[in-house]
Amino acid sequence: MNSYITGASLICNIGDNYKSIVSNLQNMTQESYKEGLKDILKDKTFYKINNYDFSNEERFKKILKKVVFDAINEAKLTKEEQKDLHIFMGSTSMEMGTNEEYKQEFENGKSTLEFKDIGNGSMGDYIESLIESKYKSILFSTACTSSVNALAYASKMIEQKKIKKALVIGIEFFNKSTYGGFSSLMLLSKTKVYRPFDKNSDGIILGEGCSAFVLEAEKKEEDNFKFISWSNTCDNYAETTSDPSGIPIYETMIQALQKAKLSLKDVDCIKAHATGSENNNSSEAKAIKILFNKYNTKTKVTAIKPILGHTLGACGTNEIALMLYCIKNGFLPATFGFKEPIDEVVFTPLLKNTKVSEKQTILFNYVAFGGNNSSIILSNKD
């Protein structure tokens, strides 16, 4: 049995629906990207979802509700089919921002509740109630691979006929704890320009985003993407940095190719993790170089974090949703902010939105704190 993405949705800093996101991205150039950052990052070095100015808890629920039902509506599910969705969620911070808000209200004497919940089960409870699901949610928190691992796990369960349908959600919202943590690690960009694989890169820019997919065993539209393969490995070099040789990242990508029985020449593009940190720039560039040498060929490479910001545990589904949006409109998104490659780079990432056919095979690569690496291959080719 196969697993297909029959519904997809995304809310991010450049829009909260398919049309606005694609339109804003199609009109983006290297020049307008850099100019736009001045306004986006004027208050904080952070990519914020706009037009949802509510309390943290209200905001959390409104965005989740919209992204879930946008995906369900695209998949054209009936109310009964909706209830049959198994729920898989991936996030780093879960409801941390909401609990911070409760804590602040308590300290200001405006509430008798010091925190909202212990644990993150209420997130799952909310989605279960929202769609009237028959099943309990499964939550994934493996740092920046959280939501891609949720997507892969759900896909495997459909392939193995353990479930029929799945709702996969990636979610990451601003919270002081995460922002302060990355700031203390001195990983945030001081120049406020995202530059993956670039000599002038000086760090990452965090962002928030929420995305959802409906997965089913049969495709509904000719261009529905199919889950091809997934590889997950652990790099025990260090808790917050990858092995500088790039070998664990390379091994993750090649295992995904081998499981799919594909060669690199069968892949139309690699979506790199590309956080913009010095370690990730170097180690992932080396991994891609080893991969190219292994197959004696090259393929297109692009990075999406300059568009969305680094959305941590949600970056898996967020970046996949954005790529699928672009491909549906006949282009691959550019790597904005790139100008001068670091020494290890043997490729030039896409510098412009690049026209392609609407049939593509993409290798999506993700590298997480704690050494959790994931690569997933999706394709809508026959």
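Below you will find a few notes about this structure. What you are looking at is a predicted structure, and each value in this text was computed from that prediction instead of being measured. (Residues numbered from 1 in each chain as written. Predicted model: local features only at pLDDT ≥ 70, side-chain atom pairs only at ≥ 80, totals over all residues. Heavy atoms only, no water.)

1. Here's the deal with the packing of aromatic side chains
For step 1, the next point in the chain: If you walk through the whole model with that rule in mind, you get 11 aromatic pairs.
For step 2, the next point in the chain: With centroids separated by 5.2 Å and ring planes inclined at 85°, the aromatic side chains of Phe 197 and Phe 347 adopt a geometry described as edge-to-face. Of the two residues, Phe 197 sits in the loop between helix H8 (176-184) and strand E6 (206-207) while Phe 347 sits in the loop between strand E11 (331-332) and strand E12 (354-355), which places them 150 residues apart along the sequence. Residue Phe 197 shares its accessibility class with Phe 347, and that shared class is buried.
For step 3, the next point in the chain: Within the aromatic cluster, the residues linked to one another by ring pairs are Phe 46, Phe 174 and Tyr 179.
For step 4, the next point in the chain: Lying over the aromatic face of Phe 174, Lys 44 brings its terminal NZ or CZ to 5.0 Å of the ring centre.
For step 5, the next point in the chain: In this arrangement the basic side chain of Lys 271 is found over the ring face of Tyr 366, its NZ or CZ atom lying 3.8 Å from the centre. (Phe/Tyr/Trp six-rings, centres within 6.5 Å; stacked < 30°, edge-to-face > 60°. Helix = DSSP H or I, 4+ residues; strand = E, 2+ residues; numbered from the N terminus. Buried < 20%, exposed > 50% of the residue type's maximum accessible area, 1.4 Å probe, protein only. Lys NZ or Arg CZ within 6 Å of the ring centre and 35° of its normal.)

2. Observations concerning the sheet that holds strand E9 (residues 269-272)
For step 1, the next point in the chain: Taking strand neighbours across the sheet as the criterion, the 10 strands line up as E4-E3-E5-E7-E1-E8-E14-E13-E9-E10 in an open arrangement whose pairing is mixed. The sheet terminates laterally at strand E4 (138-140) and strand E10 (300-303), the two strands that pair on one side only. Within this sheet the neighbouring strands show an average axis-to-axis angle of 25°, counted without direction.
For step 2, the next point in the chain: Contacting strand E3 (86-90), E4 and strand E5 (165-172), helix H6 (residues 121-131) runs over the sheet at an angle of about 140° to E3. (Pairing = 2+ DSSP bridges. Axes fitted to C-alpha atoms, helices over the stretch in contact; angles between N-to-C directions. Contact = heavy atoms within 4.5 Å.)

3. What to know about the pattern of salt bridges
For step 1, the next point in the chain: Under the definition given, this model contains 24 salt bridges.
For step 2, the next point in the chain: For Asp 70, the salt bridge identified is with Lys 66, shortest N-O distance 2.9 Å. A residue pair is termed a helical-turn pair when its members lie 3 or 4 positions apart in one helix, as Asp 70 and Lys 66 do in helix H3 (residues 56-74) at 4 residues.
For step 3, the next point in the chain: Looking at Lys 66, the relative accessible area reads 26%, which means it is partly exposed.
For step 4, the next point in the chain: Linking Glu 132 and Lys 79 is a salt bridge whose minimum nitrogen-to-oxygen distance equals 3.2 Å. (Salt bridge = Lys/Arg side-chain N within 4 Å of Asp/Glu carboxyl O.)

4. Comments concerning the layout of surface pockets
For step 1, the next point in the chain: Of the pockets and cavities examined, the largest pocket occupies roughly 740 Å³.
For step 2, the next point in the chain: As for the largest pocket, its lining consists of 30 residues, of which Phe 46, Lys 48, Arg 59, Phe 174 and Glu 208 are closest to the centre.
For step 3, the next point in the chain: Of all the elements in the fold, those that place two or more residues in the lining of the largest pocket are helix H2 (30-40), H3 and helix H5 (96-107).
For step 4, the next point in the chain: The element best represented in the lining of the largest pocket is H5, accounting for 6 residues.
For step 5, the next point in the chain: Among the residues making up the lining of the largest pocket, the classes are represented as 10 nonpolar, 8 polar and 12 charged.
For step 6, the next point in the chain: As a volume, the second largest pocket reaches approximately 440 Å³.
For step 7, the next point in the chain: For the lining of the second largest pocket, the elements supplying multiple residues, two or more each, are H8 and helix H10 (278-295).
For step 8, the next point in the chain: For the lining of the second largest pocket, a count of residues per class yields 11 nonpolar, 15 polar and 3 charged. (1 Å grid on protein atoms, 1.4 Å probe; cavity = no way out; pocket = protein on both sides within 12 Å on 5 of 7 lines; lining within 4 Å. Points joined across faces, edges and corners; volume = space filled by probe spheres on them. Nonpolar A, V, L, I, M, F, W, Y, C, P; charged D, E, K, R; others polar.)

5. Looking at the pairing of strand E1 (residues 4-11)
For step 1, the next point in the chain: For E1, a buried count of 8 out of 8 residues is recorded, marking the element as mostly surrounded by other parts of the structure.
For step 2, the next point in the chain: Pairing between E1 and strand E8 (residues 225-234): 2 bridges, direction antiparallel. Its bridge partner being in E8, Ile 5 is matched across the sheet by Phe 225.
For step 3, the next point in the chain: Relative to strand E7 (residues 209-216), E1 is paired through 7 bridges, and the arrangement is antiparallel. By the bridge assignment, Ile 5 is partnered in E7 with Leu 215.

6. A look at the state of the cysteines
For step 1, the next point in the chain: With the rule as written, the count across this model stands at 0 disulfides.
For step 2, the next point in the chain: As a non-bridged cysteine, Cys 210 has Cys 12 as the owner of its nearest cysteine sulfur, 11 Å distant.
For step 3, the next point in the chain: Here Cys 326 stays free of any disulfide, with the sulfur of Cys 12 as its closest cysteine sulfur at 10 Å. (Disulfide = S-S within 2.5 Å.)

7. Points about helix H1 (residues 18-26)
Every α-helical turn comprises 3.6 residues, leaving residues that sit three or four positions apart pointing alike.
For step 1, the next point in the chain: Taken residue by residue, H1 has Ile 21, Val 22 and Leu 25 as its buried positions. The buried residues of H1 occupy one face: seen down the axis, they fall within an arc of 95°.
For step 2, the next point in the chain: Buried residues belonging to H1 abut E1, helix H11 (305-308), helix H12 (315-328) and E11.
For step 3, the next point in the chain: Capping of H1 at its N-terminal end is provided by Asn 17; its side-chain oxygen lies 3.2 Å from the backbone amide nitrogen of Lys 19. (Arc of directions from axis to C-beta. Polar contact = N/O pair within 3.5 Å; in protein donor to acceptor, adjacent residues only side chain to side chain.)

8. Brief notes about the packing of H3 against H5
For step 1, the next point in the chain: The contact between H3 and H5 brings their axes to 8 Å, and the two run at 155°. With respect to their mutual orientation, H3 and H5 come out roughly antiparallel. Taken as a pair, H3 and H5 cross one another with a handedness that is left-handed. Touching Asn 56, Glu 57 and Phe 60 of H3 are Gly 97, Thr 98, Glu 101 and Tyr 102, all from H5.
For step 2, the next point in the chain: Class assignment for the residues of the contact of H3 with H5 results in 2 nonpolar, 3 polar and 2 charged. (Parallel < 35°, antiparallel > 145°, perpendicular 65-115°, else oblique. Left-handed = near helix turned anticlockwise from the far one by under 90°.)

9. A closer look at the pairing of E3
For step 1, the next point in the chain: Within E3, 5 of the 5 residues are buried, which leaves the element mostly enclosed by the surrounding structure.
For step 2, the next point in the chain: The alternating pattern of E3 places His 86, Phe 88 and Gly 90 on one face and Ile 87 and Met 89 on the opposite face, and all of these are buried.
For step 3, the next point in the chain: In the sheet, E3 pairs with E5 via 5 bridges, with the strands oriented parallel. Considered in E5, the bridge of Phe 88 is made with Val 168.

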